[in-house]
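Working through the structure, step by step
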Amino acid sequence: MNPTRSKPKTEACPICHTIITVGGAMTNHLNSCKRNQEAEEERCRFGTQYEIPLQVPVIQRQPKPWESLAARQAQRASTSSVPDILPVHGRQHAPVTTPTIPAVIAESDTVPLGVPAPHQTSQSPASGAVDLGTIDTIYHDHSGKAPLRETPEEYRQRRAREAAPAPPPESTPQHPWHPFATRADFEFAELSLNASLSRKEIGDFLALLRRCQAGTDEITLRDYSHLRDTWNEAAHLLTPFTEATVRVPYQNTEPDNFFDIQSKLPETGKPIAILLYSDKTELSSFGGQKGYPVYARIANLPSDIRNGTGIGGGRVVGWLPVIKDEQEDAGKPAFVDFKRVVWHDSFKILLKTIKKHAKDGHWVKCGDNIDRHLFPCVLILSADYEEQCIMAAIRGGANANKPCPVCLVDGEDMGKFLEQYVMRTTDEARLNLENTKLETTKEQQNEVLKVTGLRPIANAFWDIENSDPYRALSWDRLHSYPGGLGRHLIEELTNVRFKKIEGKDKRAVQAAVETRARNFPRWSGLIHFPHLLTDNSYQDSNKWEDSARVLLFTVFNMFPPSDRINHQLLRCLRSFLNLNAYSSFENFTSSTLADIESELRIFANEIEKYAQINKETKSWNFPKLHTHMHMINDILGKGATKNFNTKPNEAMHKVLKLFYLFMTNFRDVDTQLVTFEHWSYTAVFIRDQLDRLDACNSDPSMGEGAPSRGRPGRAAGRKHVWEHITFGSPQKTTLLHKFSVRTAIGEKNFPSQLDRLDLMSSVNTLLAANPAATDFKITSQTMIQDFRMMRVQYESKETWDVEENILRCTPLFNEKPRFDSVLVQTDDGPLFARLLLLFTLSNSKGSRTIPFAVIEPYDAPIPTQVRKHDSSLQMLRVRPPTPSVPEVVFARSIIRGTLLIPDWEEESSDFMWDMAHARFPIPFLFPTHPLQNAPPEGNTNAPAINNEPSSDDDVDPVPSVLQPPPPLPQPRIQQAGNYNTLRRPATQPLPQQYYANGLVPSAYPPPNGPPAIGAGFHPEVPDLGQLTAQIQRNLEARYQQIIKENQLEIGELKDQLRKMTLENTQMQHQMREAGVRKKKNAKGSDSSPTESAPTTGNEERDTAIQDCARKFTVLNHLFPDPKWFMVPRPENPPSDAARYDTAELKLAGNIAELYEEVPPSLHESLLKTNSFRKVFVSARNAYMRTVTSLLRDPLGDIAFKPSSPTSSEESDNILDWLKWSQPQPRIPGISDAEMAFIVPVLFPGGVRNVTLLFRNVAIARILRALMFGKKTVRPDYLYESKWTVHGKCFAKIHGVESVTPAMIALGSILAIFWKSDDEAFDPQGKITKFDYSAAFDFYKEFIIRTYNAGGVEAEWMDRLFSWYNSYVFPSDTVQTRSTRQEAEESRAAQMTQLMAELR
């Protein structure tokens, strides 16, 4: 019984759809397909970044003349004759179009981006948007730019275009991820750096990846959720944690500083404003290790770029020494001065890099290819107060005589509001320090310095032009407000005042405060505090800031009216919160600055009053109470506070701490941290290149129609969008007449106000009252769908950008009901309301839908007495009417979301929260808001704060002021030195060479002779002083031009040096890798050492390129030129008859041959990658080493042996195969230089016979050995009548069936090399000085030109190729040696006869 064998199960490959047997074959096939697919994706990923098309045009290969001898002979005329000497064919051809060979295209060349579409000049504002008028941008006169007047929408669009990602730089010669071999290599390195992986972790990670690549393992995790779920499943392997509840019962601008600096520069000068920040930081919470980094930013850049972490963001530019305080020296004045001297001397080394350029400028070719004359200067010094004292080199602190780093305020006046302050200046500081040299004792010197509070230190910034340190020092909002005054006020209230509450109510009051904190309404971006009186020691300034905001609205009514001290402290807190909100603005108007000045006065008065009332309080006379008095000056001089805030720089400490914790060995950490920081910056740079590359590939019109900066993007596919609102979290759709609000929302947490809503009636009333708004009519088929969330986009009056609120009306959000409040636009103005329900109506599926909202209006009147009481803390009370009746409104009438805080004691009242964010515009929308016009109680002299537009100044932000602000009481910045040379007395004539050099303008001709004795001026020179000044200007202009050219050239040389250094480093790395591989191979048992070779990162691609290199070397050209790579394919084919007429055509022909031999799948690599050239050249060199080794042993001896035992035509009696024994006549058409290449080895037996040029059988034997192996030229093959080839050989692998001109030239060159004394096969022999490269080009060109000449010359070439083909390649019938000799003799006789006839 024969068992029936079942057929193997097969499946189609999901990638290439090939039918493959299931099992190991399918696994191997899938792995191969995946690798091919990934390689193809990698090749196509950067497809759109180049100027030339990504797909190189497919050009059909045209057969060469020597590849179709029969066809050529049939086309050739029958009347032909052979001359007695080689015919002279003309080198001139008919005019042809020379193809343009473009220069080598760098890998970063990109397709030119389209010009962004013109933006709209007007746009209808969104519902409820505030009309801000126009924005004027005034540029400095030296910029050459005309003023701009734009609408806010145009202003946003221009900022968006300026902030759009730039295309990859055109000058980058390699891929953006260079010098990493592949993009994946860089992304892995970037990931390991960002994650701060240790060496062991990186090694384990790479080993895991290699296992997966080898197919021995596989990662199946899809994302974090998958990983989290897997961990949750694995947690059951051990006893997991469980949650239990225990219940225990208990009793119930444009800154004018920038303008000032640019005004002092030459007209061509452009200031590069530098922001510097330094601060000593703890690298770890244990061990006491400290670091002292110095960060720098470019103030010219937009703030979102400058304050970011990418390209253009802050970088570590220095690392200052940390001097440890010895116990015996700590606190001593001399030791403190010593540390300050070390700081400034170290900083001088850092500033030395810009010192010369700050004075004279430096010409630089910028990224937009524009040459600019740049003058670096330190515009902003950002630091906390303690570090500012070090920068200013003053004796700071609460007990100092002159504690302010910026002004000369007395120590006892720090808490006062003064109208004017005497500012520090560099000139006065220098003079004060110089005066100390007149004193002999230390005490006398200190008395001199006590006037200004300086230390005996030469400030590092004094020697830098346009970098006055006292003007550059900036008020620090981070440490002065949230972490300064805010912290002081919070601690005074929570740690002092609440602890002084007496009696049994103390705990009840404290418990009530904590309960209010836990129940405080949630808002996006607002930190939620479960405790306010305890656990309030924060390290995060955001928590101090938010806790101050929450604290006021939590405890405002916790104290009885008789408690004057606590009420006054709350007034201080309120004034501080106003200043904190103002200081965080991103745009300032003149009225806003006036409000800040008024609020500063109010705050100083409130603090002074509190200190008078509370005699037990601490002293409020400390530096941070004074430094914010300079806020307005800094805003006028340097723009918004975010330009000089320390917050972005403080955030950079985190990266250094991670490096220290995870990537160092905790010894000599300074060097390691600086190295890691540089790696990080390198990764940021490469990532930026990749992001721009991906942006170009995904969107060729990058930048066109980009949303405004700050505008929240709308996700693709978002539904339910109407103008500026979007509904989310949709519920079920039902018929309107069947809809029940209570059923839709549910019984749990159902708003009781909705019981008084008749939805159908309210909608009909709304539609009837607004017939022009919509023509919608309710029918029996009207469908309703309710929603739980909405997004509202609105135009912020503070940023002038579009912001977005996410509002919710749901009975359950994070386990609690959430019904947010909104601001609704009505005929009577904005209205506060509670959002109760969102829904849409439509009459059929797919038809137009109308969005509606059900709100509870807060429009009940507030009694005057209550309003007056609330105004003491500038709080705005709102309440709904009683009873509250919900209303239905169009959802598009909602302006934005808001936050209402409960009264805590009166359930029906709420307070408008105006401290949720600095961008909260509500106080500026309501003239009746107490923050606007109600002076604090007891301070009747304080001016009212009014931000209502009253003049044109109200809409002119500081970054776009129409006129420069009034000058500040700041010292004048020193100007750069001018040139005062070549001034001569007016009584002397100008030297004649001034006229010859063109220094004197044409308006003043040279004098005809020496001036008359006693004459002060020449008769033809009307004013010698004016003439001398003009000469000086011409000299300076010429001098500046020379400097410009030299500096630009130096910049280019530096770029080249940088690239060469990078390539050198890469080569050294490859050499080290080669040495490692060589050692590993040497340790192997049977494996022989292999040489290292360049790679493209893909083994299959490397193999294909190596095959192409060997084939091209034999069939086309022996010495490939680097100029042939990374250039587009020429239009002219290699067989073009005019390919040798010009150098350009010759280059085009060689490039065309290269493209013809390289498979189309590799054309992209040939065009765009430098690695292709490296692999190609390396494979060619390795192959030629093999060939020359074959010649030495034993091919050369065999090739030059006689053809038969009795033949003597190839005897060894010729002593010199490379030189003639006597001068030879020149062949017509060949130059004298080319005659040096016509050597005896090219002729049979070394005997000159022009008709037998290249007929030496040794050349044919060499080619035969290259094609089929050296075995085929041994005697047992040479003397056989028929021979065949077995196994692999060059001809079979590459499909070679006939010789080419390059093969004949190659065989000739190899024959010459074998007969020479040269040891190495180089383009030019080191011993013989024979130019092998030029000789090869001549032989190949000679053969091709002769073939293309046509007629007799082409027929002669046909015979030469037939002779080579019959000798090199096997055939079914091969002539014996005697018959070949007879055929040759017959052909020689025919040629002799033809030449005789030609004569």
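The present account deals with the structure reproduced in this document. Since we're looking at a predicted model, the values are computed, not measured. (Residues numbered from 1 in each chain as written. Predicted model: local features only at pLDDT ≥ 70, side-chain atom pairs only at ≥ 80, totals over all residues. Heavy atoms only, no water.)

1. As for the overall build of the protein
Threshold: For the purposes of this entry, the term helix denotes a DSSP run of H or I that reaches at least four residues, the term strand denotes a run of E that reaches at least two, and both are numbered from the N terminus. For every residue, the accessible area obtained with a 1.4 Å probe (protein chains only) is divided by the maximum for its type, and the residue is called buried under 20%, exposed over 50%, and partly exposed between those limits. Per-residue accessibility takes into account occlusion by the displayed protein chains alone, with areas from the Shrake-Rupley method and a 1.4 Å probe.
Each helix and strand counted, the protein has 41 helices and 24 strands in total. Here the protein holds 1399 residues, and 48% of them are scored as buried. Element-wise, carbon and sulfur atoms account for 53% of the exposed surface of the protein, whose accessible area totals about 71,700 Å².

2. As for the pattern of salt bridges
Any two side chains of opposite charge can pair if their charged atoms end up close together. Selection criterion: Salt bridges are counted wherever a side-chain nitrogen of Lys or Arg sits within 4 Å of a carboxyl oxygen of Asp or Glu.
Applying the stated criterion to the full structure yields 46 salt bridges. When the shortest N-O distance is used, the salt bridge between E419 and R601 registers 3.1 Å. Note that E419 is positioned in the loop between α10 (385–392) and α11 (426–435) and R601 in helix α18 (residues 590–613), a separation of 182 residues in sequence. With a shortest N-O distance of 2.8 Å, D786 and R788 are connected by a salt bridge.

3. Quick notes on the sheet that holds strand β9 (residues 315–319)
As a reminder of what qualifies: By definition, two strands form a pair when at least two bridges between them are found by DSSP. Here an angle of 0 to 180 degrees is reported between the N-to-C directions of two axes, which are lines fitted to C-alpha atoms, with helices fitted over the stretch in contact. Throughout, a residue-residue contact means that at least one pair of heavy atoms, one from each residue, lies within 4.5 Å.
Sheet architecture is open: five strands sit in the order β9-β8-β5-β11-β10, paired in mixed fashion. Since the sheet does not close on itself, it has two edges, and those belong to β9 and β10 (362–365), each with one partner. Between one strand axis and the next, the sheet turns through 45° on average, direction left out of account. Its contacts with the sheet put helix α9 (residues 333–360) on β5 (269–278), β8 (293–298), β9, β10 and β11 (371–382), and the angle it makes with β11 is roughly 150°.

4. A few points about unusual backbone geometry
The amide bond that connects T882 to the next residue, P883, takes the cis arrangement and shows omega of -5°. Of note, P883 is situated in the loop between β20 (877–878) and β21 (887–890). One non-glycine residue, N814, lies in positive phi territory at about 55°. With respect to the helices, strands and loops of the structure, N814 is situated in the loop between β15 (802–813) and β16 (816–819). What makes N814 exposed here is its relative accessible area of 63%. Although it is not a glycine, M1126 adopts a positive phi angle of roughly 60°. Inspection of the secondary structure puts M1126 in the loop between α30 (1099–1115) and α31 (1143–1157). The buried category is assigned to M1126, whose relative accessible area is 8%.

5. Description of a nonpolar patch on the surface
Put simply, the rule reads: Here the term patch refers to residues with relative accessible area over 30% and no salt bridge, with like charges joined within 9 Å and nonpolar side chains (Val, Leu, Ile, Met, Phe, Trp, Tyr) within 5 Å.
Together, L658, L661, F662 and F666 line one region of the surface with nonpolar side chains, adding up to about 340 Å² of accessible area. Tracing the backbone shows L661 in helix α22 (residues 653–663). For L661, a relative accessible area of 38% gives the class partly exposed.

6. So, α22
Side chains of residues three or four places apart in an α-helix project in the same direction, reflecting 3.6 residues per turn. Filter applied, for reference: By arc we mean the arc of the directions from the helix axis to the C-beta atoms, nothing more.
The complete set of buried residues in α22 reads H653, L656, F659, Y660 and M663. Within α22, the buried residues cover an arc of 145° as seen down the axis, which keeps them to one side.

7. Quick word on the packing of aromatic side chains
Selection criterion: Any two of the Phe, Tyr and Trp rings considered here, Trp counted by its six-membered ring, make a pair once their centres fall within 6.5 Å; the pair's planes then place it as stacked at under 30 degrees, edge-to-face at over 60, or tilted in between. Two limits define a charge over a ring: the Lys NZ or Arg CZ must be within 6 Å of the ring centre, and within 35 degrees of the ring normal.
In this structure the tally under the stated criterion is 46 aromatic pairs. An angle of 50° between the planes, with centres 5.3 Å apart, marks the rings of F498 and F559 as tilted. Here F498 is found in the loop between α14 (477–497) and α15 (505–518), whereas its partner F559 is found in the loop between α16 (541–555) and α17 (564–583), with 61 residues between them in sequence. F498 sits in the buried class, given a relative accessible area of 0%. Between F1172 and F1176, the aromatic rings sit 6.0 Å apart at their centres with planes inclined by 20°, giving stacked as the arrangement. Taken as a pair, F1172 and F1176 lie in helix α33 (residues 1170–1199) at a separation of four residues, close to a single helical turn. Pair check on accessibility: F1172 and F1176 agree, each one buried. Here the aromatic cluster, defined as three or more aromatic residues joined through ring pairs, consists of F1119, F1237, F1254, F1313, F1321, F1330, Y1332, F1338, Y1339 and F1342. Here K618 stacks its cationic end above the ring of W620, 5.1 Å away from the centre of that ring.

8. Digging into the sheet that holds strand β23 (residues 900–902)
Ordered in space as β20-β24-β23, the three strands form an open sheet in which the pairing is antiparallel. Among the strands making up the open sheet, the edge pair consists of β20 and β23. Judged from the two bridges that link them, β20 and strand β24 (residues 910–912) form a sheet pairing that is antiparallel. Within the sheet, the bridge partner assigned to V878 lies in β24 and is D910.

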